[in-house]
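In case you want the letters, here they are:
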Amino acid sequence: MTDKDANQMWGGRFAEGPDAIMEAINASIGFDKRMAAQDIAGSRAHAAMLAAQGIISDTDAQTIREGLLTILSEIEGGQFAFSTALEDIHMNVEARLKEIVGEPAGRLHTGRSRNDQVATDFRLWVRDQADAAIGGLEALMKALLLQAEAGADWVMPGFTHLQTAQPVTWGHHMMAYVEMFSRDLSRFRDARVRMNESPLGAAALAGTSFPLDRQMTAEALGFDRPCANSLDAVSDRDFALEFLAAASICAMHLSRFAEELVIWSSAQFRFVVLSDRFSTGSSIMPQKKNPDAAELIRAKIGRIFGANVALMTVMKGLPLAYSKDMQEDKEQVFDAADNLMLALAAMTGMVGDMSANKPALEAAAGAGFSTATDLADWLVRVLGMPFRDAHHVTGSLVAKAEAKGCDLPELSLSEMQEVEPQITEAVYDVLGVHNSVASRMSYGGTAPERVREQVAAWTQKLG
């Protein structure tokens, strides 16, 4: 097949034939330029170490380090001309360094390979994203704590199967998400500890004959230690996978909460009012206020899940050590990190701005026979009835109320005594939703006192 035939097959996108095709598939500068700051930090640390070890001169190291700062300034200022022909961020920076400082630039790569260089850059970038996620989660948890504190004694329905189950407090519901997101916080913190080892100095795969001080570069870059095995150092992407795994679970929690906000803000529930900042109107229906931010969070989560599966798929069949497949490790992580931070920021904004509709919450809390379990517990506690018998009596009373078209507290004492003669007027004390939630004093329960204890404990932890 001639180049002309190949061009016709591939179409006008690759006007220069196979060379253009290879350049397009091989180049990563279109996305890995996001790691410019990390790449330059790694190179500056490497140059300083080479000089400290007497491998290059102090003068060359200083020249290299100053040249790298110039390049960083150009990139940050939008004045750097990235070249696809130079493939990646590493070669783009090195080529520009040579233009700026000349011969010393050629000494920078002594004792390292693009394999350990990219592994180092990527770890640094993912570590930064883990830190950002940790900060984002802490901000969201603080916003939830404010909601929980304000509504520690506001009653609302608790659901199972999205059916009214028992009364809970608004504060208790908010604190459930604090607990969820605290586990996400813990996962990101744990992942950060494990990823904080430096691949720099592992070279291509086997280490190097130059007397590198890998501990020095590790410390300079904020790593706890160098990676202990050079093969593993250049081929490991567990740090990215762990980040994506933690991000996926966190995203799932965000999506669950987003789903509740969509339901709660509907005209049928009216549990919350979302601010105009995180809602939109309809182009045709003037009465509409759509919870678009919550819906978009719910949808964007799929991109994070997809990134996790994509990278697992890239890595699943790779023998040691480095393979070019690993060039496909970054775009998914970049996209997932962007969408996670966007979702965290949007959720934090919505939680901070939203107003709970206390009267609607309270009205719904007492509907659907939500205090039936309280009635059963009273029969056990006060009358000494076995729970299974109490369950049966309560079910009969619920059926009676349902037939009458009323709720349990609206049944008269005589109507209750038709089912169980031992019932007394005192039963009405437990049938109110406020009494119900106040009685749930077990550790982790919905009683306002317990909610306030948990709010105080988490406020102290988060500082």
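Structure's up top.
Engineer: What is the right way to look at empty space enclosed by the protein in this model?
Structural biologist: Regions of empty space are outlined by a rolling probe, equal in size to a water molecule, passed over the atoms. The final tally for this structure, using the stated rule, is one cavity of 30 Å³ or more. Quantified by volume, the largest cavity comes out at close to 30 Å³. As for the largest cavity, its lining consists of D39, S43, H90, V93, E94, L108, R112 and Q117. Where the lining of the largest cavity is concerned, the elements lending two or more residues are helix 4 (36-52) and helix 6 (89-101). A total of three residues in the lining of the largest cavity trace back to one element, the largest contributor, which is helix 6. Split by residue class, the lining of the largest cavity holds two nonpolar, three polar and three charged.

Engineer: Help me understand the pattern of salt bridges in this model?
Structural biologist: Tallied over the entire structure, the rule returns 25 salt bridges. Here R107 and E103 are joined by a salt bridge, their closest N and O atoms 3.1 Å apart. Residue class for R107 comes out partly exposed when judged on its relative accessible area of 30%. Residue class for E103 comes out exposed when judged on its relative accessible area of 58%. In this structure, D153 engages R452 in a salt bridge whose closest nitrogen and oxygen atoms are separated by 3.5 Å.

Engineer: Would you take a moment to explain the nonpolar core for this structure?
Structural biologist: Generally speaking, a soluble globular protein has its nonpolar side chains buried in company with each other. Core analysis: the biggest nonpolar cluster contains 79 residues, and W170, F188, L254, F257 and M347 have the highest contact counts within it. Of all the secondary-structure elements, those providing two or more residues to this core are helix 7 (114-150), helix 8 (170-195), helix 11 (238-264), helix 12 (292-315), helix 13 (330-353), helix 14 (358-365) and helix 20 (448-462). When near neighbours in sequence (up to four residues on either side) are disregarded, L254 contacts L140, F181, I297, L340, A343, L344 and M347. In this structure, I29, A47, A51 and V93 belong to the second largest nonpolar core, which totals 22 residues.

Engineer: Is there a simple way to think about the packing of helix 5 (residues 58-76) against helix 6 in this case?
Structural biologist: Helix packing geometry: the angle between the two helix axes and the distance between the axes. With their axes 9 Å apart at the nearest point, helix 5 and helix 6 run at an angle of 115° to one another. When you trace helix 5 past helix 6, the crossing you get is right-handed. Facing T63, I64, G67, L68, T70, I71 and E74 of helix 5, the residues of helix 6 in contact are V93, R96, L97, I100 and V101. Each residue belonging to the contact of helix 5 with helix 6 can be placed in one class, and the counts come to seven nonpolar, three polar and two charged.

Engineer: Whenever I open this one, the packing of aromatic side chains confuses me. Can you help?
Structural biologist: Any aromatic ring pair is given by two values, namely how distant the centres are and how the planes are angled relative to each other. Within the structure shown, the criterion is met by 11 aromatic pairs. For the pair F188 and F243, a centre-to-centre distance of 5.7 Å together with 55° between the ring planes defines the contact as tilted. Residue F188 is located in helix 8, and its partner F243 is located in helix 11; the two are separated by 55 residues in the primary sequence. You can call F188 buried: its relative accessible area is 0%. On the numbers, 5.1 Å between centres and 80° between planes, the contact of F269 with F271 is edge-to-face. The buried category is assigned to F271, whose relative accessible area is 3%.

So, how was this worked out
- Residues numbered from 1 in each chain as written.
- Predicted model: local features only at pLDDT ≥ 70, side-chain atom pairs only at ≥ 80, totals over all residues.
- Heavy atoms only, no water.
- 1 Å grid on protein atoms, 1.4 Å probe; cavity = no way out; pocket = protein on both sides within 12 Å on 5 of 7 lines; lining within 4 Å.
- Points joined across faces, edges and corners; volume = space filled by probe spheres on them.
- Helix = DSSP H or I, 4+ residues; strand = E, 2+ residues; numbered from the N terminus.
- Nonpolar A, V, L, I, M, F, W, Y, C, P; charged D, E, K, R; others polar.
- Salt bridge = Lys/Arg side-chain N within 4 Å of Asp/Glu carboxyl O.
- Buried < 20%, exposed > 50% of the residue type's maximum accessible area, 1.4 Å probe, protein only.
- Core = buried A, V, L, I, M, F, W, Y, C linked by side-chain atoms within 4.5 Å.
- Contact = heavy atoms within 4.5 Å.
- Axes fitted to C-alpha atoms, helices over the stretch in contact; angles between N-to-C directions.
- Left-handed = near helix turned anticlockwise from the far one by under 90°.
- Phe/Tyr/Trp six-rings, centres within 6.5 Å; stacked < 30°, edge-to-face > 60°.

Purely geometric numbers; function is a separate question.
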